[in-house]
Amino acid sequence: MILSGITRFFELIERQKLNVSHVIEFEKLSTREKMSYILDLLVNEKYLDFFKICLIEEGKIGIIVNFLAMLELVKDSLITLIQSEDFGQIHLSAKEEIH
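This write-up is about the structure you can find in this document.

Rules behind the numbers
Residues numbered from 1 in each chain as written. Predicted model: local features only at pLDDT ≥ 70, side-chain atom pairs only at ≥ 80, totals over all residues. Heavy atoms only, no water. Helix = DSSP H or I, 4+ residues; strand = E, 2+ residues; numbered from the N terminus. Buried < 20%, exposed > 50% of the residue type's maximum accessible area, 1.4 Å probe, protein only. Contact = heavy atoms within 4.5 Å. Areas by Shrake-Rupley, 256 points an atom, 1.4 Å probe, with all protein chains shown as cover. Expected span 1.5 Å × (residues − 1). Arc of directions from axis to C-beta. Salt bridge = Lys/Arg side-chain N within 4 Å of Asp/Glu carboxyl O.

1. As for the overall build of the protein chain
Scanning the protein chain from terminus to terminus reveals 4 helices and 3 strands. Relative to its 99 residues, the protein chain shows a buried fraction of 21%. Within the protein chain, contacts between residues at least 6 apart in sequence are counted, and of these 53% link residues at least 24 apart. Roughly 8200 Å² of accessible area belongs to the protein chain as shown, and the carbon and sulfur atoms make up 60% of that amount.

2. A look at helix 2 (residues 31-44)
Taking 1.5 Å per residue as the helical rise, helix 2 with its 14 residues ought to reach 20 Å, and the 21 Å between its terminal C-alpha atoms agrees with that figure. Every buried residue belonging to helix 2 is among Lys-34, Met-35, Ile-38, Leu-39 and Leu-42, and all of these are buried. Along helix 2, the residues classed as buried sweep out an arc of 135 degrees about the axis, all on the same side. Facing away from the buried side of helix 2, by more than 90 degrees, are the exposed residues Glu-33, Asp-40 and Asn-44. Of the surrounding elements, those touching the buried residues of helix 2 are strand 1 (47-49), helix 3 (50-53), helix 4 (59-75), strand 2 (79-82) and strand 3 (91-94).

3. Regarding the pattern of salt bridges
This model, assessed by the stated rule, comprises 3 salt bridges. The shortest N-O distance in the salt bridge between Glu-58 and Lys-34 comes to 2.7 Å. Separated by 24 residues along the polypeptide, Glu-58 in the loop between helix 3 and helix 4 and Lys-34 in helix 2 bring together distant segments of the chain. For Glu-58, a relative accessible area of 18% translates into the label buried. With a relative accessible area of 7%, Lys-34 lands in the buried category. Ionic pairing is found between Glu-45 and Lys-52, a salt bridge with its closest N-O pair at 2.6 Å. Overall, Glu-45 belongs to the partly exposed group, its relative accessible area being 28%. Among the residues examined, Lys-52 registers a relative accessible area of 43% and is labelled partly exposed.

Have a look at this one:
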């Protein structure tokens, strides 16, 4: 009887851990802004290394947003990607002259 009460107590404690509230904050990074940023960089340079467009202070989320922006630009036929080996560097180039 006491053992089942203790077991039940610990079950309730574990269940309580699952009910922790979370605060979801929206990131300040925009895929559209990153797309413009990449195109602006390509005005001055013929080729860009993917990691050059990633800023350290943006962290992992910045890398993800940059990657999505890069894919959107490929989808819109504005840039091409060059990767010479599996898991190698990704280089970006403008498809046509950007003004």
